[in-house]
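Residue-level listing of the chains:
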Amino acid sequence: MKQSPNFRPLLIALTGGIASGKSAVAEIFSQLGAPVLDTDQIARDVVEPGSPTLAKLVAEFGSDILDAEGRLDRARMRARVFADPEQRKRLEAITHPAIREELAARAQRAQGPYQIHVIPLLVESGRSDLYDRVLLVDTSEEEQLKRLMARDQSSPELARQILAAQASREARLDAADDVIVNTGTLQDLRRFVETLHRNYTLLSERINAEAARPG
């Protein structure tokens, strides 16, 4: 169905700590037909070989951040910046503006009554107010550590450094409008997301109907 020129999709920020289950939630939203814009994927896209952002990173950090194929060695870069907060700030000063610009361009092209923007560092970046709703995927820090070490083969020390560099669980909960507690099965997760899908679709319809009402 063609949308009115004045239609504005509901913007949902999907966030959560590392290894909390954001990707699984995003995948279910995508299967239900919602546009999902993942800033982790955009972060990879903006540092492809030949990109201005990758050239800036090499100029800032040196060519040893590249692998044998001339791509950004993300594992090496991650270990380097999480061990040094100052280097992490320098990295983010280059990558974050490029990611935001590309996210805005993709959001402009996306259709649907609502959009899911996957933003792991939403609370840290102070961008919660740009969204209609903040959806948090929540789990315990102990579960995050276990999943992170299993997924990325991270050492316990590096896994704890990564968690320590993120906002606290309490800060994320404070920023959230909706919370999925990801401690059950994939079927439980799907039921949560299907309910939110219906709610977000109805909320978008209501907001746009009110905006279109004269006076």
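About the thresholds
Residues numbered from 1 in each chain as written. Predicted model: local features only at pLDDT ≥ 70, side-chain atom pairs only at ≥ 80, totals over all residues. Heavy atoms only, no water. Salt bridge = Lys/Arg side-chain N within 4 Å of Asp/Glu carboxyl O. Helix = DSSP H or I, 4+ residues; strand = E, 2+ residues; numbered from the N terminus. Buried < 20%, exposed > 50% of the residue type's maximum accessible area, 1.4 Å probe, protein only. Pairing = 2+ DSSP bridges. Axes fitted to C-alpha atoms, helices over the stretch in contact; angles between N-to-C directions. Contact = heavy atoms within 4.5 Å. Arc of directions from axis to C-beta.

As enumerated under the stated definition, the model contains 16 salt bridges in all. Notably, a salt bridge pairs R106 with D45, separated by 2.9 Å at the nearest N-O pair. Residue R106 is found in helix α5 (residues 85-109), and its partner D45 is found in helix α2 (residues 39-45); the two are separated by 61 residues along the sequence. By relative accessible area, D45 is classed as partly exposed at 28%. Ionic pairing is found between D152 and R151, a salt bridge with its closest N-O pair at 2.9 Å.

Okay, the sheet that holds strand β1 (residues 10-15) next. Strand order in this open sheet of five strands is β2-β3-β1-β4-β5, and the pairing throughout is parallel. This sheet does not close on itself; its edge strands, each paired only once, are β2 (36-38) and β5 (178-181). Each strand of the sheet is rotated relative to its neighbour by a mean of 20°, with strand direction disregarded. The pairing of strand β4 (residues 133-138) with β5 spans four bridges and is classified as parallel. Of the residues in β5, the one forming a bridge with L136 is V179. Against the sheet, helix α1 (residues 22-31) makes contact with β1, β2, β3 (114-118), β4 and β5, and its axis sits at roughly 150° relative to β1, the strand it touches most.

The next thing to look at is helix α8 (residues 156-164). Within α8, the full set of buried residues consists of L158, A159, I162 and L163. In a view along the axis of α8, the buried residues occupy a sector of 140°, so they form one face of it. Residues of α8 that are exposed and point over 90 degrees away from its buried face: E157, R160 and A164. Buried residues along α8 sit in contact with α4 (74-82) and α7 (141-152).

Within β3, five of the five residues are buried, which leaves the element mostly enclosed by the surrounding structure. Alternating positions in β3 separate into two faces, Y114, I116 and V118 on one and Q115 and H117 on the other, with burial throughout. Sheet analysis places β1 next to β3, joined by five bridges and oriented parallel. Note on β3: the bridge partner recorded for L11 is Q115. Looking at chain direction, β2 and β3 are connected through three bridges and run parallel. Across the sheet, V36 pairs through a bridge with I116, a residue of β3.

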